[in-house]
Amino acid sequence: MEFEKRKAATLASIRSSVTDKSPKGFLDEPILHLLETINHHPSYFTTSSCSGRISILSQPKPQSTNPSTKKKARGGSWLYITHDPADPESVLHLLFPPHPPTQITDPLGQPSELVFRFEPLIIAIECKDVRSAQFLVATAISAGFRESGITCCGEGKRVIIAIRCSIRMEVPLGDTGKVMVSREYVRFLVDVANEKMVANRKRTDGFGLALLSNGFKNPDDANDVEEEDNFENLAENHESSINNGDLLPVSLSKSLAGPHQDLMPLSTISITGESVEKLHLWGHAACTIDKTDRKEVIVFGGFGGFGRHARRNESMLLDPSCGTLKLVAVNESPSPRLGHTASMVGDCMFVIGGRADPLNILNDVWMLDISKCEWSSQRCIGCEVPPRHRHAAASIGSNVYIFGGLNQDKILSSLHFLDTKNLQWKEIEQRGPWPCARHSHDMVAYESQLFMFGGYNGEKVLDDLYSFDVQSCSWKLEMVSGKWPQARFSHSMFVYKHVIGIIGGCPVSQNCHDLVLLDLKHRLWRSVRLDFMNRELLVRSTASVIGDDLIVIGGGAACYAFGTKFSEPVKINLLQSLTMSENDVKASIEVKTEASLSQPCVIQLERKYAKLGKDILKNFGWLDLERKVYSHEKGLYICFPVTEKLSALFHEKQLLDKDLEGSEDNHLTSQLTKGLSLKEISSSVALNLLKELGARKFTNVAVEAKKVAKSPLQRMKEAVTSILKQKGLPEELLDELPQNANRLARQGRVEANGTRDSTLEILVGDDGWVDHRENGILYSFNATKCMFSWGNLSEKLRMGNVACENEVVVDLFAGIGYFTLPFLVRAKAKLVYACEWNPHAIEALRHNVEANFVSDRCIILEGDNRINAPKGVADRVCLGLIPTSEGSWVTAIQALRSPEGGILHVHGNVKDSDVSSWSEHVSKSLGDIARAEGRSWEVTVEHIEKVKWYAPRIRHLVADVRCR
């Protein structure tokens, strides 16, 4: 708790407008991104930093009475300092002024030594614990900061580390009375220091990349996500972080589902009434109202919602049959929260716990009377229940059971239940194989049992399945047949007939695209692959069953470039899913039976005998190499698929009845572990040895076939072939696929200059010209000269859909044709004036209008648009420049027709808290400009389009401004 308080206070100080204690009063710009990366991790925060500097220090000479005084203790002041490569002329001008005074003036007015210095990056970081410190120090050392180490730790002490290296330099120049070195030597020192500064920057960048590759989050991706609660992105297990690259395109997802497995479609629910954005949530809770005359899902709380994303406390009712969403008018409501639970008992929904803010974890109980639409806070008696969020809850009868959860840093393993009749809490004593502490798991009730799956225990993601019998009050670790679900957390569970279902969760992977079903009658895992048409992220979503439909609401994650991703509400037919999963199990068994002409057979051995057992099976040719070896009962046993030959030989009953004591075979088997070769024993001895190892035979077992290794080209061809067949397209199109990559490049940052040039470097290949097709438009450009904005995809599509068939458009910042081409190709504009001053972009633009057959409707104007843009011709003007296009607002007003006016699309980067004030600034400023230009127009902002997140809390916006 103390660590979180110190971190919150430090970060608040960093992000405030108050200057810090450094000489310049603020953080070094070159490492702002690195500091944000570190500070976004829950286990670290920076306490001081320097990006690296070149300086001339004026340092008081040591007093003759105490010559041993340390340099740092003598103080001093900087005569020159820069955090960028130094300008030699500036340094020379300081040391050798054209009209030198009698001596260089020291700010302290004391005789001082002059020291030329280079100091590399140094960052002081407080860590949550020693383990976190050791990890970060090791990462820094691997990136070249070899002097990094723990500077402070111990009982009751804060854990502080320093990130630093040894490429520093310190050279005396003389004193304030006389410079003792030449101008040439000073110039040499500056060159050496600049080289060290470049090396320092490379190490710094390498350290940043090392952090990102080890689970740290890019701060540019952290929009709207509460960093203290972001386990989906910051769990220490590297596999548990959400990676948007894991989300496969739907066509490829279909291909990977396999030729024998159909995809179960998800139906998006079309929302009417309230805005669908109100259901853009995660960490909320939902319950089902399943009555004869009323079938709805009630949703409460969560993070996200309409407008600025935040914790919510709205109560909403969704009718999935017609998509009607309405707010529940209530007298009062619980405080905004996420990570709570909601459980139905009769006509009442009980909400328990949750997280109100990073330091406020709740243990309150609220009840919503569905029939009266009234919330009431419940004062409970009984044992004390610790605050918690990310716990799981389920109700049986009048009792609501809760297990686990998170209370600040403590992960809980207690099981409590609330008797809703007398509002009394009771804690259940541990009995049976008690589950470990966990959070972000889920739990459902079936008859008199609770079933709980998965979660996160602080170190790893879990895949265990427990049941709890409320009558005997005991836990049981369940072992069932079938393919075991992938370990996951932040998933959802539900009950349908005799089946328990699992959907979604983290880590997001192809396996989490399955709807996993546990058949309780046959105690068998089944699954059906879902058709994720819109790349739904069902992480921290809710799953509610109404009739034969599963209603999934919310879920999402923070995604690169597009900010926070929320999933749309979807509906899945469970009756069809159950049928498909049953057919899939039957089909897999039939395929294996036909292939082997006998019942599929596996031999099961304890894990400790697995190596010897496998050697025996391989030596005698009994191991079926076409099927996969797999583990059973949580890894206690290993199952080996075997051939028809062994299936015929292995008569388990005969082996069980056979007395091996004193036999020659038994003597040979006992000698096997003493060096006797497997080649020296007979097959009958090998069979008996398998029996001694406890081997058991199982028949009619569906075992997954081994995947044949395929090249990326083969996989791509198969995926595309499947798409061509679905679309009814000729297979000759396969000839258009690239056979091999013939160019390789290293990506670089976009230059921060007026033309935003690319710094991409070609490593292999002749040139950097590339073709990119988007929304039916071909963009060609030289990637080594021009940048390309991927994040503006939605805005380009929006501009391509505006009705401007008879309009003249002026694009003031055309680039390679980002918006010019959508206006021409898709929106069918009558004429577009494309203004651009980057010669490389103009070269690409000329090519692109020709390649898209629209050159006859485009006039390219090269140069500054404030000089070259046409006046009085436009029905529409696009100002697609960020961070601001304000320098061309006068030009845009002048370009519009007079007196008719028109529409301006004004781009800008805006803090998410300043959207309203920015909108007012745009309309007022443009109105003032219009009046100054003699236009008596009414200027209004008709719409604000949120294009993407540009940086943490900074949105890329487009204001559609009407002038008339």
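Right above here is the structure, for reference.
Definitions and cut-offs
- Residues numbered from 1 in each chain as written.
- Predicted model: local features only at pLDDT ≥ 70, side-chain atom pairs only at ≥ 80, totals over all residues.
- Heavy atoms only, no water.
- Helix = DSSP H or I, 4+ residues; strand = E, 2+ residues; numbered from the N terminus.
- Buried < 20%, exposed > 50% of the residue type's maximum accessible area, 1.4 Å probe, protein only.
- Polar contact = N/O pair within 3.5 Å; in protein donor to acceptor, adjacent residues only side chain to side chain.
- Contact = heavy atoms within 4.5 Å.
- Axes fitted to C-alpha atoms, helices over the stretch in contact; angles between N-to-C directions.
- Parallel < 35°, antiparallel > 145°, perpendicular 65-115°, else oblique.
- Left-handed = near helix turned anticlockwise from the far one by under 90°.
- Nonpolar A, V, L, I, M, F, W, Y, C, P; charged D, E, K, R; others polar.
- Core = buried A, V, L, I, M, F, W, Y, C linked by side-chain atoms within 4.5 Å.
- Pairing = 2+ DSSP bridges.

**As for the side chain of H491**
As for its position among the elements, H491 is in the loop between β34 (474–477) and β35 (492–496). You can call H491 buried: its relative accessible area is 5%. For H491, the side chain forms a polar contact with the main-chain oxygen of F453, separated by 2.9 Å. Beyond its immediate sequence surroundings of up to four residues, H491 is in contact with S440, H441, D442, F453, G454, G455, I502, I503, G504 and G505.

**Notes on the packing of helix α2 (residues 32–39) against helix α5 (residues 183–213)**
Two numbers describe how α2 lies on α5: the axes approach to 10 Å, and their chain directions differ by 25°. As judged from the angle between their axes, α2 and α5 are roughly parallel. As for the relative orientation of α2 and α5, their crossing is left-handed in sense. Taken together, the residues of α5 that come into contact with α2 (itself represented by L34, T37 and I38) are T204, F207, G208, L211 and L212. Considered class by class, the residues forming the contact of α2 with α5 number 5 nonpolar, 3 polar and no charged.

**Considering the nonpolar core**
Counting 43 residues, the largest nonpolar core has F116, I125, I163 and F207 as the members making the most contacts within it. If one sorts the elements of this core by residue count, α5 sits on top with 7 residues. Leaving out residues up to four positions away in the same chain, I163 has contacts with L121, I122, I123, I125, L136, A140, F145, S148 and F207. Listed in part, the 33 residues of the second largest apolar core include F819, A827, A841 and V849.

**Describing the sheet that holds strand β30 (residues 424–427)**
What links the strands of a sheet is backbone hydrogen bonding, and the strands pair in either a parallel or an antiparallel sense. Strand order in this open sheet of 5 strands is β24-β30-β29-β26-β25, and the pairing throughout is mixed. Looking at which strands have only one partner, the edges of the open sheet turn out to be β24 (381–382) and β25 (392–396). Bridge count for β24 against β30 is 2 bridges, and the pairing is parallel. Its bridge partner lying in β30, I381 is registered against Q424.

**Some details on helix α15 (residues 793–800)**
Residues of α15 that are buried: E795, K796, R798, M799 and G800. In this structure, the buried residues of α15 make contact with β50 (769–774), β51 (777–782), α16 (820–826), β56 (902–911), β57 (939–951) and β58 (954–963).

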